[in-house]
Amino acid sequence: MEEDLIKSLCGIVGEENVKSDIVDRYCYSMDASLYSSIPDVVVFPQTTDHVSEIMKFANTNGIPVTPRGAATGLCGGAVPLKGGIVIDLSKMNKILEIDLDNFCVRVEPGVIQNELNQVLNKRGFFFPPTPGSKKMCTIGGMISTNAGGMTAVKYGVTRNFVLGLKVVLASGEVLELGGKTLKRSLGLDLLQLFVGTEGTLGIITEALLRIIPLPEETAVIVAPFKDVYEATKTVNSVLSRTVPAAIEIMDRGIIKAVNAYIKELKLPEVEAILYFEVDGTREEVQRQIEIIVETCKKHKSLNVQWTADPEKKLMLWQGREAAGGAIMNLDRRLVRVYEAEDVCVPISKIPDMVKRFQEISKKYGIPVGLYGHAGDGNIHSGVLIDVRNPEEWRKLKNLTREVYETAMSLGGNISAEHGIGALRAEWMRRIHGEGLKYIKKIKEAFDPKGILNPGKLGM
Ligand SMILES: Cc1cc2nc3c(=O)[nH]c(=O)nc-3n(C[C@H](O)[C@H](O)[C@H](O)COP(=O)(O)OP(=O)(O)OC[C@H]3O[C@@H](n4cnc5c(N)ncnc54)[C@H](O)[C@@H]3O)c2cc1C
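Bear in mind that the values here come from a model prediction, so they are computed numbers and not experimental data.

Draft legend 1. Spotlight on the overall build of the protein. Along the protein, the regular secondary structure elements total 15 helices and 19 strands. On C-alpha atoms alone, the protein measures out to a radius of gyration of 22 Å, which is about the 23 Å that the 2.2 N^0.38 rule sets for 459 residues. Dimensions along the principal axes, computed over C-alpha positions, put the protein at roughly 65 × 60 × 45 Å. Within the span of the protein, comprising 459 residues, buried residues form 56% of the whole. Counting only contacts in the protein whose residues sit at least 6 apart along the sequence, the fraction spanning at least 24 positions is 71%. Measuring between centres, the 57 positive side-chain charges of the protein sit 5 Å from its 57 negative side-chain charges.

Printed below as a string of structure tokens:
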């Protein structure tokens, strides 16, 4: 069967676009999570027709298919849990059309977020959703996880910028959804159904995205706090007066880790630091700076700094940008594991979530640094354990359960932007309740043989 499989795929995309060597296959067995599973073959289509032919073949033969962008996903979404075919979309990476009259851009799914913005910026425009992985992640991956990032506070998440999609279904049928209009009221919205479904319903081979003009000016404000709860309350106070492009937070653990990582940075070793980015016209930016500085001072921030100077801005952001990479410096003997890393709560509940998270970390003796997109109530965590110790894994499971239950009891959810994948699959019933029955019927309608990304989203 394996030989037939490879021969048939070579017939569709050419021998040079099929990898079946064990070393190659091993390289495609992982994403940025802890999951791994080796596919039988990796294939690199270059057109929608290629993807359609691959799907027809896989469907006829009941072969599992896992779509893959850049594999920066943090929950095992692009890991081929059941083997079969990995469809790597990185060679479908063309910007097909830039339509500045209608404020949109048509791209293939393998286009990298940052590369798209480099092209758009030269024309005075940008595509706002900006995950921390922007230099690696693809548009197809972003749509499939409904990626967020720092600027979601003001601009929204990927879903808000998807105007149209070309999607190949499990049967190989191609659907073209949406279009260049900014509004539609047409009943059931199939277009949005494909956003955030992690390649379980179809493979995106083209996307039409909304773009907007670059702001005239941006500025950064950094505010350290002696009290983490006061910092989180500041987020609420700021948002009741203005909407910055980004509001980020780092707690004491992350600050320490960043200082150990970049020695010359010397961030103040306080309980929390808030980072704000504001943008707009010069006057708007000035006014937002005034509001934020005033509000931070009211909440007893120590020494608020701000700048609109491009170079100084990079310097001020450096601490927050380093947070993800710095976490291992919290304790060099331990390893960071991506668990309980993406909860989201209503804005007013951030102080409660942060407080409970710190208590749970203490209870299990597992070091946790908290950071993330405070302006959306989205708290990321760097959780460190001794991965060689089975007892640590058991404690981690309990910590994760308590963190998720806390988020849900506060009216929040267990993943704001990273997704479900394999990592949170067992939580689907808890999250969706009776709704899961209908979700499974939708899956059955699009993929009756269950060949698309099996094992993800609890399906
Ligand atoms: C350092 C770092 C920082 C990060 N920061 C953020 C952040 O700030 N915000 C955020 O939201 N995420 C963040 N992430 C997570 C991740 O980068 C995003 O989820 C991103 O959108 C994944 O894109 P990708 O191209 O790597 O997709 P992959 O990991 O390859 O795939 C993700 C999912 O999408 C499916 N998929 C991929 N392409 C297609 C397609 N064309 N059609 C159908 N399904 C497809 C896959 O099967 C998988 O289920 C971060 C990750 C890292 C490593």
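Now, onward.
Draft legend 2. Quick peek at helix H9 (residues 252–261). Every buried residue of H9 is accounted for by Gly-253, Ile-254, Ile-255, Ala-257, Val-258 and Asn-259. Summarising the contacts, the buried residues of H9 are in contact with strand E13 (246–251), strand E14 (272–280), helix H11 (310–326) and strand E18 (368–373). One side-chain oxygen at the N-terminal end of H9 lies 3.2 Å from the backbone nitrogen of Gly-253; it belongs to Asp-251.

Draft legend 3. View of the sheet that holds strand E2 (residues 41–43). Taken in spatial order, the four strands line up as E1-E2-E4-E3 in an open sheet, and their pairing is mixed. Only two strands of the sheet have a single neighbouring strand rather than two, namely strand E1 (18–19) and strand E3 (65–68). Summarising the sheet, E2 and strand E4 (residues 85–88) pair through three bridges and their orientation is parallel. When the bridges of E4 are listed, Val-42 appears paired with Val-86. Helix H3 (residues 48–61) rests against E2, E3 and E4 of the sheet, and its axis sits at about 170° to E4.

Draft legend 4. Looking closely at the domain arrangement of the protein. In terms of domain boundaries, the protein breaks down into domain 1 (2–88), domain 2 (95–213) and domain 3 (217–409). A C-alpha centroid distance of 37 Å is found between domain 1 and domain 3.

Draft legend 5. Region of the structure containing a nonpolar patch on the surface. A cluster of nonpolar side chains, namely Leu-34, Met-328, Val-335, Val-387 and Trp-393, defines an oily patch on the protein surface of about 380 Å² accessible area. In this fold, Leu-34 is placed in the loop between helix H2 (22–27) and E2. Residue class for Leu-34 comes out exposed when judged on its relative accessible area of 54%.

Draft legend 6. Structural context of the packing of aromatic side chains. On inspection of all chains with the given rule, the structure shows seven aromatic pairs. With centroids separated by 5.9 Å and ring planes inclined at 85°, the aromatic side chains of Tyr-28 and Phe-44 adopt a geometry described as edge-to-face. One end of the pair, Tyr-28, is in the loop between H2 and E2; the other, Phe-44, is in the loop between E2 and H3, and 16 residues separate them in sequence. Accessibility classification places Tyr-28 together with Phe-44 in one group, the buried group.

Draft legend 7. Structural view of the pairing of E3. Of the two faces of E3, the one lined by Val-65 and Pro-67 and the one lined by Thr-66 and Arg-68 are each fully buried. Pairing analysis gives four bridges linking E3 to E4, with the strands arranged parallel. Considered in E4, the bridge of Val-65 is made with Ile-85.

Procedures and definitions
Residues numbered from 1 in each chain as written. Predicted model: local features only at pLDDT ≥ 70, side-chain atom pairs only at ≥ 80, totals over all residues. Heavy atoms only, no water. Helix = DSSP H or I, 4+ residues; strand = E, 2+ residues; numbered from the N terminus. Rg over C-alpha atoms; globule rule 2.2 N^0.38 Å. Buried < 20%, exposed > 50% of the residue type's maximum accessible area, 1.4 Å probe, protein only. Contact = heavy atoms within 4.5 Å. Lys, Arg positive; Asp, Glu negative; His and termini not counted. Charge placed at Lys NZ, Arg CZ, Asp CG, Glu CD. Polar contact = N/O pair within 3.5 Å; in protein donor to acceptor, adjacent residues only side chain to side chain. Pairing = 2+ DSSP bridges. Axes fitted to C-alpha atoms, helices over the stretch in contact; angles between N-to-C directions. Domains from an automatic or database assignment. Patch = residues over 30% accessible without salt bridge, like charges linked within 9 Å, V, L, I, M, F, W, Y side chains within 5 Å. Areas by Shrake-Rupley, 256 points an atom, 1.4 Å probe, with all protein chains shown as cover. Salt bridge = Lys/Arg side-chain N within 4 Å of Asp/Glu carboxyl O. Phe/Tyr/Trp six-rings, centres within 6.5 Å; stacked < 30°, edge-to-face > 60°.

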